[in-house]
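# Chain and residue survey
Below are the chains, spelled out letter by letter.
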Amino acid sequence: MNILEAIKLRKSYGNKFNRQEVLKGVDIGIKKGEFISTMGPSGSGKTTLLNVLSSIDKASEGTIEIENKEITSMTEKQLAEFRKRHLGFIFQEYNLLDTLTVKENILLPLSITKTSKKDADQKFHTIASELDIYEIKDKYPNEISGGQKQRTSAARAFIHDPSIIFADEPTGALDSKSASDLLNKLSELNRHRHATIMMVTHDPIAASYCTRVIFIKDGQIFTQLHKGDQDRQSFFQDIIKTQGILGGVQYEH
C-alpha cells in the first residue's frame, strides 16, 4: 500500500500572459519504508515536486494523499496540524535555531505536541544515539561541525516518527566524509525504523544509497530505477548511465 499517492500533479507559476509550467501531470506513489531519491537536470522540476508533495508549495492541479488523507483540499490550519504529526523535513542549510542547544533543536517537534517529558527524553536519547550526536547534546549549533548539524537536523525530522520525511539536497553543504556518514545513518534509520524518505539530490553517490531513483525531465517522470538486490556500486553505475541518457549534469570520477 502506498503511504503517498499523487495523481496528475501540475504546478505553474506566473499569469495567463506569462505562464511557466514546471510540473506537467506527474503521477507518483511511495510505499511505506521506501528510501527514494529524485534526480534530474537543473530546472527539471525535482525540487518543485518535493515542495508540492510536502505541502511547502501548493499544486496548481491534481491530488496528493498521505496516509489516505488528501492534503490538497486541506485548509492552512488543517495542513499545519497535519505537518506537525505526519511530516519530517531535512534541509540543505540545516535550519537549526542558533539560540537552542542540539537537544532543544531536536525536541522542537515534540514541544508542540502533548508528549510527556519522560517520553520526549526517551525518544531523544534513542534518536541522538542512533545518529551519534548524544554526546554533543548540550552544545549550540555554532559549536559543532556541518556534519553534526545535519545529523541534528535529521534527528529533529525523525523524532516524532513522521509518516514520511522529505530531504532537500541534505548532503549539498557537506564534505564527502560527512555526506557519507549522514547517508549511512539515513539508510540505517530507513531499514531499522522502516522510515519512509524522499530525497532530492543531484549527486549519484547520494542516490545510490536509496532503494529507488526517480528521474525527472521537463516536469515529467522520465524513468525510474529500482535497486533490488544490487550492491551500491552497481546501482551507482546504473544511475550514471541513466544520467547520461537523460542529458543531465555528468558525474566526474
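One structure accompanies this document, and this report is about it. (Residues numbered from 1 in each chain as written. Predicted model: local features only at pLDDT ≥ 70, side-chain atom pairs only at ≥ 80, totals over all residues. Heavy atoms only, no water.)

### Describing the pattern of salt bridges
Per the stated rule, a full pass over the model turns up 14 salt bridges. For Arg212, the salt bridge is made with Glu34, and the minimal N-O distance between the two is 2.9 Å. Residue Arg212 is located in strand β9 (residues 212–217), and its partner Glu34 is located in the loop between β2 (18–31) and β3 (35–39); the two are separated by 178 residues in the primary sequence. For the pair Arg212 and Glu34, a shared accessibility class is recorded, and that class is buried. Here Lys177 and Asp181 are joined by a salt bridge, their closest N and O atoms 2.9 Å apart. You can see Lys177 and its partner Asp181 sitting in helix α6 (residues 176–192), 4 residues apart, about one turn around the helix. Look at Asp181 and you get partly exposed, because its relative accessible area is 29%. Among the charged side chains, a salt-bridge network with shared partners connects Lys123, Glu130, Asp161 and Arg193. (Salt bridge = Lys/Arg side-chain N within 4 Å of Asp/Glu carboxyl O. Helix = DSSP H or I, 4+ residues; strand = E, 2+ residues; numbered from the N terminus. Buried < 20%, exposed > 50% of the residue type's maximum accessible area, 1.4 Å probe, protein only.)

### Quick notes on helix α8 (residues 232–246)
The periodicity of an α-helix, 3.6 residues per turn, causes residues three or four positions apart to be oriented the same way. Look at α8: 21 Å from first C-alpha to last across 15 residues, which is about the 21 Å you get at 1.5 Å a residue. Inspection of α8 places Phe235, Phe236, Ile239, Ile240, Thr242, Gln243 and Leu246 among the buried residues, and these make up the whole buried set. Down the axis of α8, the buried side of the element spans an arc of 165°, and every buried residue falls inside it. Away from its buried face by more than 90 degrees, α8 exposes Lys241 and Ile245. The elements touched by buried residues of α8 are β3, α7 (204–207), β9 and β10 (220–226). Two or three places before Gln233, at the start of α8, stands the capping residue Asp231, its side-chain oxygen 3.3 Å from that residue's backbone nitrogen. With its phi angle positive at about 85°, Gly247 sits one or two positions after the end of α8. (Expected span 1.5 Å × (residues − 1). Arc of directions from axis to C-beta. Contact = heavy atoms within 4.5 Å. Polar contact = N/O pair within 3.5 Å; in protein donor to acceptor, adjacent residues only side chain to side chain.)

### Describing the pairing of β3
Within β3, 5 of the 5 residues are buried, leaving the element largely enclosed by the surrounding structure. Residue alternation in β3 divides its side chains into two sets, Phe35, Ser37 and Met39 and Ile36 and Thr38, and both sets are buried. Examined bridge by bridge, β3 and strand β8 (residues 197–200) share 4 bridges and lie parallel to one another. Within the sheet, the bridge partner assigned to Ser37 lies in β8 and is Met199. Sheet analysis places β3 next to β9, joined by 4 bridges and oriented parallel. Paired with Ser37 across the two strands is Val213, which belongs to β9. (Pairing = 2+ DSSP bridges.)

### Looking at the pairing of β10
Examined bridge by bridge, β9 and β10 share 6 bridges and lie antiparallel to one another. Residue pairing in the sheet places Phe215 in a bridge with Thr223 of β10. In this antiparallel pair of consecutive strands, β9 and β10, the connection spans 2 residues, and Asp218 shows a positive phi of 50°.

### A few points about the environment of Thr38
Here Thr38 lies in strand β3. For Thr38, a relative accessible area of 0% gives the class buried. For Thr38 and Glu61, which are 23 residues apart along the polypeptide, the C-alpha to C-alpha distance reads 21 Å. Not counting the four nearest positions on each side in its chain, Thr38 is found in contact with Lys46, Leu49, Met198, Met199, Val200, Thr201, Ile214 and Ile216.

### Notes on the layout of surface pockets
Of the pockets and cavities examined, the largest pocket occupies roughly 220 Å³. Lining the largest pocket, in full, are Arg83, Lys84, Leu87, Gly88, Phe89, Leu108, Pro109, Ile112, Arg156, Ala157 and His160. Elements with a contribution of two residues or more to the lining of the largest pocket: α2 (76–86), β6 (87–91), α3 (102–111) and α5 (146–158). Grouping the amino acids of the lining of the largest pocket by side-chain chemistry returns 6 nonpolar, 2 polar and 3 charged. (1 Å grid on protein atoms, 1.4 Å probe; cavity = no way out; pocket = protein on both sides within 12 Å on 5 of 7 lines; lining within 4 Å. Points joined across faces, edges and corners; volume = space filled by probe spheres on them. Nonpolar A, V, L, I, M, F, W, Y, C, P; charged D, E, K, R; others polar.)

### A short note on the sheet that holds strand β1 (residues 2–15)
Taking strand neighbours across the sheet as the criterion, the 4 strands line up as β2-β1-β4-β5 in an open arrangement whose pairing is antiparallel. Edge positions in the sheet fall to β2 and β5 (69–70), since each of these pairs with one other strand and no more. Here β1 runs beside strand β4 (residues 61–66); their pairing, made up of 5 bridges, is antiparallel. Residue pairing across strands places Glu5 opposite Glu65, the latter belonging to β4.

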